[in-house]
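Given next are the chains, with one letter for each unit.
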Amino acid sequence: MLNVRFNIKSTIYAFLRNLIFTGMALSAHSSMVQSAELTLDITSYTYREVDTNDNFFMEDKSAPFLYSVGIRDWGGREATTITKSTAWSFLYTLEYSFGNVDYTSVGTGTMKKEYYKGRVEYYLSNNFGGANDLKSYIGLGYRYLLDDSGFKKSSTNHLGYDRLSQYNYIPIGAIWYINENFSLKSQYNYFIEGKQISYLNEILPNVYPTNIEKTQRIGYGIDLTLRSRLNNKWSTYGFFRYWKIDDSDLVSCSPTTLCMEPKNQTHEIGVGISYNF
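Only a predicted model underlies this, so the values are computations on that prediction, with no experimental measurement involved.

Take the overall build of the protein chain next. If you tally the helices and strands in the protein chain, you get 2 helices and 14 strands. Looking at the protein chain as a whole, 45% of its 277 residues are labelled buried. In the protein chain, of all internal contacts separated by at least 6 residues, the share reaching a separation of at least 24 is 68%. Roughly 13,700 Å² of accessible area belongs to the protein chain as shown, and the carbon and sulfur atoms make up 61% of that amount.

Put into structure tokens, the structure is as follows:
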């Protein structure tokens, strides 16, 4: 059943990828008004794993924040009004984040480390029905996170290892223009696949013959952003992002051991400022 579900997801993802690329080509030749913004923000970030009995296993928490810089084009009320006769538009979000993280675990104590995170989302948008205050969209998303723990020692003298987390997903949502100065972007992330690579071979090559890659297939995400326009150039915004991901597949991590990425949740709450080009 999981394989059938994954094949369906892969087909949907491939179809949307082609649709988005077509939209990009069409928008390049259109006269639609776009509204690119440079973004700077800080995030309180928490990642938490639990065991098969839902007991606490480990947690990563930003110390104190993750810092982000990005560029995005979510259009605007003006773009929606002008282009309602040719209502399709191409939008995007590009973001890079970094910061210090405090690690806490049941079995391996505590550790200080660094996170490096990137997010790329492309959307094909349409103000269906000509509504000037609501813009719906669907797109493609990719999120990566590098957990830089390699060769760092925990409080119990355990060696850390680097971990690369990758999510592929379909963002589905709408931007609601509440009034001239406020807008709300509400997004559901339909999870396609997650890949978790643990670089254990680099730390303990005699125990782990290769680095371990685990696949996650079940999960979802939520992304809400409230934006307030200060003037024609500057805006402030607040956001909440959430991921809930189920256990990964079991894989062989050594000749005698099976490994699994435990189910987990991620919470991000932040504020930022943006400059409109």
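Moving on, we come to the state of the cysteines. In this structure the tally under the stated criterion is 1 disulfide. The residue that forms a disulfide with C253 is C259, at a sulfur-sulfur distance of 2.0 Å. Taking the torsion about the sulfur-sulfur bond, which here is approximately 70°, the covalent link between C253 and C259 counts as right-handed. Like C253, the residue C259 is buried in the burial classification.

A few words now on the side chain of E95. By the element assignment, E95 lies in strand β4 (residues 88–105). At a separation of 3.5 Å, a polar atom in the side chain of E95 contacts the side chain of R241. Every residue in contact with E95, bar those within four places of it in the chain, is listed here: D41, S68, V69, G70, K117, G118, R119 and R241.

Turning our attention to the confidence of the model for the protein chain. Of all residues in the protein chain, 82% have pLDDT values of 70 or greater, and the mean over the chain is 87. Low confidence marks residues 28–33, where pLDDT is under 50. Its contacts with residues over four positions away, or in another chain, come to 9 contacts.

Counted by the stated rule, this structure contains 16 aromatic pairs. For the pair Y45 and Y115, a centre-to-centre distance of 5.4 Å together with 80° between the ring planes defines the contact as edge-to-face. In this pair, Y45 is assigned in strand β1 (residues 36–50) and Y115 in strand β5 (residues 109–126), connecting sequence segments 70 residues apart. Taken individually, Y45 and Y115 each receive the classification buried, so the pair is uniform in this respect. Counting every residue linked through ring pairs, the aromatic cluster contains Y167, Y169, F191 and W243. Here the guanidinium or amino end of R72 rests over the ring plane of W74, the centre of that ring lying 4.1 Å away. Over the ring of F239 we find R241, and its NZ or CZ is 4.1 Å from the ring centre.

Residues Y45, Y47, M58, L66, V101, Y103, M111, Y115 and L145 constitute the largest nonpolar core, which totals 9 residues. Of all the secondary structure elements, the ones that give two or more residues to this core are β1, β4 and β5. Contacts of Y103, omitting those with residues within four sequence positions, involve M58, E59, D60, T108, G109, T110, M111 and K113.

Here we take up the pairing of strand β6 (residues 134–148). The side chains of a regular strand alternate between the sheet's two faces. Two strands pair when backbone bridges link them, and β5 and β6 are joined in this way by 13 bridges, in the antiparallel orientation. The partner of K117 across the bridge, within β6, is L145. Where β6 meets strand β7 (residues 163–177), 12 bridges bridge the pair, whose relative direction is antiparallel. Paired with Y137 across the two strands is G173, which belongs to β7.

The next thing to look at is the pattern of salt bridges. Two side chains with opposite charge may pair up if their charged atoms get near one another. In total, this model carries 22 salt bridges according to the counting rule given. Across the pair E95 and R119 runs a salt bridge, and its minimum N-O distance is 3.3 Å. Of this pair, E95 sits in strand β4 while R119 sits in strand β5, and the two are 24 residues apart along the sequence. You'll find E95 and R119 in the same group, each marked buried. A salt bridge links R241 to E268, with the shortest nitrogen-to-oxygen separation between them at 3.6 Å. Linking R241 in strand β11 (residues 234–245) with E268 in strand β14 (residues 264–276), this pair joins segments that are 27 residues apart in sequence. E268 carries the same exposure label as R241, and that label is buried. One salt-bridge network, in which partners are shared between bridges, spans E95, K117, R119, E121, D223, R241 and E268.

So, on to the environment of S165. With respect to the element layout, S165 can be found in strand β7. Taking the relative accessible area as the measure of exposure, S165 reaches 4% and is therefore buried. Measuring from C-alpha to C-alpha, the distance between S165 and G194 comes to 7.3 Å, with 29 residues separating the pair along the chain. At 2.9 Å, the side chain of S165 and the side chain of Q196 are in polar contact.

Cut-offs used in this document
- Position numbers for residues count from 1 along each chain, tracking the sequence in the order it is written.
- Local features in this predicted model are restricted to residues of pLDDT 70 or higher, and side-chain atom pairs are both shown and tallied only at a pLDDT of 80 or more, whereas totals for entire chains, interfaces and linings draw on every residue.
- To obtain the side-chain values, all non-hydrogen atoms of the structure were used and water was disregarded.
- Labels follow the DSSP assignment, with helices taken as runs of H or I lasting at least four residues and strands as runs of E lasting at least two, numbered in each case from the N terminus.
- Note on classification: 1.4 Å probe, protein chains only; a residue is buried when its accessible area is under 20% of the maximum for its type, exposed when over 50%, partly exposed between these limits.
- Every residue pair with non-hydrogen atoms within 4.5 Å of one another is taken to be in contact.
- Residue exposure ignores everything except the shown protein chains as possible cover, and the areas themselves are Shrake-Rupley values with a 1.4 Å probe.
- For the purposes of this analysis, a disulfide is any pair of cysteine sulfur atoms at a distance within 2.5 Å.
- For this analysis, a polar contact is any N or O atom pair within 3.5 Å, provided that within protein one partner can donate a hydrogen and the other can accept it, and provided that sequence-adjacent residues contribute only side-chain to side-chain pairs.
- Per residue, pLDDT captures the predictor's confidence, and it can take any value from 0 to 100.
- In summary, the pairing rule links any two rings of Phe, Tyr or Trp, Trp by its six-membered ring, whose centres are within 6.5 Å, and it sorts them by plane angle into stacked for under 30 degrees, edge-to-face for over 60 and tilted for everything else.
- Our definition puts a charge over a ring when NZ of Lys or CZ of Arg is within 6 Å of the ring centre and also within 35 degrees of the ring normal.
- To form a nonpolar core, buried Ala, Val, Leu, Ile, Met, Phe, Trp, Tyr and Cys residues must be joined to one another through side-chain atoms within 4.5 Å.
- Pairs of strands are assigned from DSSP output, requiring at least two bridges between the strands.
- Salt bridge criterion: a side-chain nitrogen from Lys or Arg within 4 Å of a carboxyl oxygen from Asp or Glu.

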